[in-house]
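Tertiary structure, described
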Amino acid sequence: MGLQALIFDVDGTLADTERDGHRVAFNQAFSEAGLDWRWDVPLYGELLAVTGGKERMRFYLDRYRPDIPHPADLDAQIARLHAAKTRHYTALLAQGGIPLRPGVRRLLQEARAAGMRLAIATTTTPENVTALLRCALAADAESWFEVIAAGDVVPAKKPAPDIYQYALQKLGLEASACLAFEDSENGLRSARAAGLKTVVTVNDYTRDQDFRDAQLVLDQLGEPQQPFRALSAAMPLNGARVFDLALARQLMAG
Ligand code: XBP
Ligand code: MG
């Protein structure tokens, strides 16, 4: 059947959203609520071990702030903080401060022109995906993706396979007809557990993680003037400088 669809993670893969986006928005929500919680850049790297903003706040309290007694309505407090964080995050995106990573627009445009089906499988909140696509890609970019699988639509977040399985089910495709794009070990584990071949583009938070199970690990997807650097590859790259559909098809065949 060959390659039918590309399925993209969002945070860290389409754009470097974590350090200057989500992290900043969490801190804004905390200070607005009068809390002394501060997530600096290194601490946030540790907190990224847990996917999902609500889950991450809970992990922070359990692991780093055992001094704080849990309020009786912790779930409600976390939900309020998370709603505020989403508001701050989408406002940050609207300011246009977070661009797509190199090669993302190029690959998406090539895929669209070729009739390749596109989907998203992410842990983040649906509003955040829409805001990033509109602000960084195109006003109509939501319609570029046939399926946007996001957030709490499945009970178990990455590294569980649920969100990729959900996307595959909505696409009506087998994993063997799709290729996943990820930036993190949790994301790779999720995609692989759903049976997907996966390309990883690393970033500053993830470059030292374990990507042995990926078909291809790159520093970024590459542009003609800014070629990718391959960190590991399960097939010959024959001098390729950018990740395109020809390379995607070759990877699926290998
Ligand atoms: C993304 C995440 C998310 C975002 C925050 O992981 O871990 O938790 O940091 O999003 P992945 P929310 O890229 O593997 O999907 O606050 O909206 O949950
Ligand atoms: Mg990611």
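Look up: the structure comes first, before these words.
Below you will find a few notes about this structure. (Residues numbered from 1 in each chain as written. Chains lettered and ligands numbered in written order. Predicted model: local features only at pLDDT ≥ 70, side-chain atom pairs only at ≥ 80, totals over all residues. Heavy atoms only, no water.)

Topic: the layout of surface pockets
Reported here for the largest pocket is a volume of approximately 800 Å³. Of all the secondary-structure elements, those providing two or more residues to the lining of the largest pocket are helix 1 (18-32), helix 2 (41-47), helix 3 (53-64), helix 4 (74-94) and helix 8 (185-193). In the lining of the largest pocket, the residues fall into 10 nonpolar, 20 polar and 19 charged. (1 Å grid on protein atoms, 1.4 Å probe; cavity = no way out; pocket = protein on both sides within 12 Å on 5 of 7 lines; lining within 4 Å. Points joined across faces, edges and corners; volume = space filled by probe spheres on them. Helix = DSSP H or I, 4+ residues; strand = E, 2+ residues; numbered from the N terminus. Nonpolar A, V, L, I, M, F, W, Y, C, P; charged D, E, K, R; others polar.)

Points about the environment of proline 102
Along the chain, proline 102 falls in the loop between helix 4 and helix 5 (104-113). The class for proline 102 is partly exposed, based on a relative accessible area of 25%. (Buried < 20%, exposed > 50% of the residue type's maximum accessible area, 1.4 Å probe, protein only.)

Let's talk about empty space enclosed by the protein
All chains considered together, the criterion is met by 1 cavity of 30 Å³ or more. Contributing to the lining of the largest cavity are Phe8, Thr13, Val104, Phe181, Glu182, Val199, Thr201 and Leu221. Broken down by secondary-structure element, the contributors of at least two residues to the lining of the largest cavity are strand 4 (178-182) and strand 5 (197-201).

Focus: the site of ligand 1
Around ligand 1 sit 18 residues, and of these Gly52, Gly53, Arg56, Lys85 and Thr125 come closest. Within the side chain of histidine 82, a nitrogen or oxygen atom sits 2.8 Å from an oxygen atom of ligand 1. In the environment of ligand 1, an oxygen atom lies 2.9 Å from a nitrogen or oxygen atom belonging to the backbone of threonine 123. For ligand 1, the protein covers 97% of the area, taking 450 Å² as the surface of the free molecule. Of all elements in the fold, only helix 1, helix 3 and helix 4 reach the threshold of two or more residues within the shell around ligand 1. Examining the composition of the shell around ligand 1, we find that 3 residues originate from one element, helix 1, more than from any other. (Near = heavy atom within 4 Å. Polar contact = N/O pair within 3.5 Å; in protein donor to acceptor, adjacent residues only side chain to side chain. Areas by Shrake-Rupley, 256 points an atom, 1.4 Å probe, with all protein chains shown as cover.)

Points about the packing of helix 1 against helix 3
At a closest axis distance of 13 Å, the pairing of helix 1 and helix 3 adopts a crossing angle of 65°. When you trace helix 1 past helix 3, the crossing you get is right-handed. Contact residues: helix 1 offers Glu18, Phe26 and Phe30, while helix 3 offers Gly53, Arg56 and Met57. (Axes fitted to C-alpha atoms, helices over the stretch in contact; angles between N-to-C directions. Left-handed = near helix turned anticlockwise from the far one by under 90°. Contact = heavy atoms within 4.5 Å.)

Remarks on helix 8
A turn of α-helix holds 3.6 residues, and therefore any two residues three or four places apart point the same way. When we look at burial in helix 8, the residues that qualify are Asn186, Gly187, Leu188, Ser190 and Ala191. Here the buried face of helix 8 lies against helix 7 (162-171), strand 4 and strand 5. Glycine 195 sits one or two positions beyond helix 8 and adopts a positive phi of about 90°.

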